[in-house]
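Structural overview
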Amino acid sequence: MGWRKFRYLTIVGLLFTLSSCSSDSNVESLINDRQSAASYISQADQMYTQREDLARLQQGIVFLRQAAVADPDSYDAAWRLAKFNYYMATHIDGSERDQRLRDGIAAGKTAVQLQGDKPEGHFWLGANYGGSLESSTVAGLASLDDVRKEMETVLKINEGYQDGSAYMVLGLVDLKAPKIVGGDPQKAVSELEKGLRFGKTNAFLRLHLAEAYQAVGRSSEARQQLNTILSMTPDPSYLPELKEAQTQARQILDKIK
């Protein structure tokens, strides 16, 4: 073997070795990043169980942001960011609320881009869209059609997601929107009743169904739903939501007695 040929083969072998090492290093780095992201998400989930303390919820958001930095392709981090920000937005006021909705929408869009065939991203994107429509200081982020589109997509993927919550949001849109832009209390009743097939333990779905019944003059059925909420057995995973729904149920009952 000539010297030139030997040197050529040596260089090729060295380049192959370096390329192989680089590839192995990249794979190892990717695995480590995903493991770090999974750890941050797990910590965030722990914080969410204590979400009534908004400082804990904020810590959860910080963990999810760290997960997203570690693994920008993490669908689980993206949809949770949309969910956590929505919860925060519905429990605070002012400019901070508006920013949470913007952050929630951005995270929801990322989740949908990453895995548009799953329900979580669509649902929490739609929820944040809906929240932005209720704020007079957040303009142009979404329309009623945007909310409907996301919830209808959820129904196509998983009709019973979150105990019928997509039907609940559609019902709320029909209940709260002015008639001139498509609001229809009777249609709201229909949507919410469909959701009840999947959400017998969904306190907020029952609460909004009671509101819809009241809007169309079916007060006795509204009272029935409200009393059901007050007698529901607490689910530890949704205790904050049940407490809020029961508080509102009592307030509505006082008005319609």
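Structure shown above.
Presented here is a report on the structure given in the accompanying data block. Just so it is clear, the model here is predicted, and its values are computed rather than measured.

**Considering unusual backbone geometry**
One can expect most non-glycine residues to show negative phi and most peptide bonds to be in trans. You will see that Q162, though not glycine, has its phi angle at about 55°, which is positive. Structurally, Q162 is set in helix α7 (residues 161-176). Positive phi is not limited to glycine here, since D163 has a value of about 55°. Its place among the elements puts D163 in helix α7. You can call D163 partly exposed: its relative accessible area is 30%.

**What about the packing of aromatic side chains?**
Applying the stated criterion to the full structure yields seven aromatic pairs. Taking 5.9 Å as the distance between ring centres and 50° as the angle between the ring planes, the aromatic pair formed by Y86 and W124 counts as tilted. Here W124 lies in helix α5 (residues 119-133) and Y86 lies in helix α3 (residues 75-89), a separation of 38 residues in the sequence. With a relative accessible area of 26%, Y86 lands in the partly exposed category. When its relative accessible area of 8% is taken as the criterion, W124 is described as buried.

**A short note on the nonpolar core**
By size, the foremost hydrophobic cluster in this structure holds 40 residues, and its most contacted members are F84, F123, W124 and M151. Taken together, the elements giving at least two residues each to this core come down to α1 (3-48), α2 (54-70), α3, α4 (94-114), α5, α6 (144-157) and α7. Top element by residues in this core is α3. It accounts for nine residues. Not counting the four nearest positions on each side in its chain, M151 is found in contact with F123, G126, A127, A166, V169 and L170.

**As for α4**
If you check α4, its first and last C-alpha atoms are 31 Å apart, about what 21 residues at 1.5 Å a residue would give, namely 30 Å. Within α4, burial applies to R97, D98, R100, L101, G104, I105, A107, G108 and A111. Its buried side turned inward, α4 meets α2, α3 and α5.

**A few points about α7**
Its 16 residues place the ends of α7 22 Å apart at the C-alpha level, agreeing with the 22 Å of an ideal helix rising 1.5 Å per residue. Taking the largest bend as the criterion, α7 deviates by roughly 25°, centred on M168. For α7, the complete set of buried residues consists of Y161, G164, S165, A166, Y167, M168, V169, L170, G171, V173, D174 and L175. Where α7 is buried, its residues touch α5, α6, α8 (185-196) and α9 (203-215).

**Details of the packing of α6 against α7**
At their nearest, the axes of α6 and α7 sit 10 Å apart, and the two run at 155° to each other. Looking at the two axes, α6 sits roughly antiparallel to α7. Pair α6 / α7 crosses with left-handed handedness. Where α6 approaches α7, its residues L144, V147, R148, M151, E152, V154 and L155 are matched on the opposing element by Y161, A166, Y167, V169, L170, V173 and D174. Tallied by class, residues from the contact of α6 with α7 come to 11 nonpolar, no polar and three charged.

Calculation criteria
Residues numbered from 1 in each chain as written. Predicted model: local features only at pLDDT ≥ 70, side-chain atom pairs only at ≥ 80, totals over all residues. Heavy atoms only, no water. Helix = DSSP H or I, 4+ residues; strand = E, 2+ residues; numbered from the N terminus. Buried < 20%, exposed > 50% of the residue type's maximum accessible area, 1.4 Å probe, protein only. Phe/Tyr/Trp six-rings, centres within 6.5 Å; stacked < 30°, edge-to-face > 60°. Core = buried A, V, L, I, M, F, W, Y, C linked by side-chain atoms within 4.5 Å. Contact = heavy atoms within 4.5 Å. Expected span 1.5 Å × (residues − 1). Bend = angle between axes of the 7 residues up to and from the residue. Axes fitted to C-alpha atoms, helices over the stretch in contact; angles between N-to-C directions. Parallel < 35°, antiparallel > 145°, perpendicular 65-115°, else oblique. Left-handed = near helix turned anticlockwise from the far one by under 90°. Nonpolar A, V, L, I, M, F, W, Y, C, P; charged D, E, K, R; others polar.

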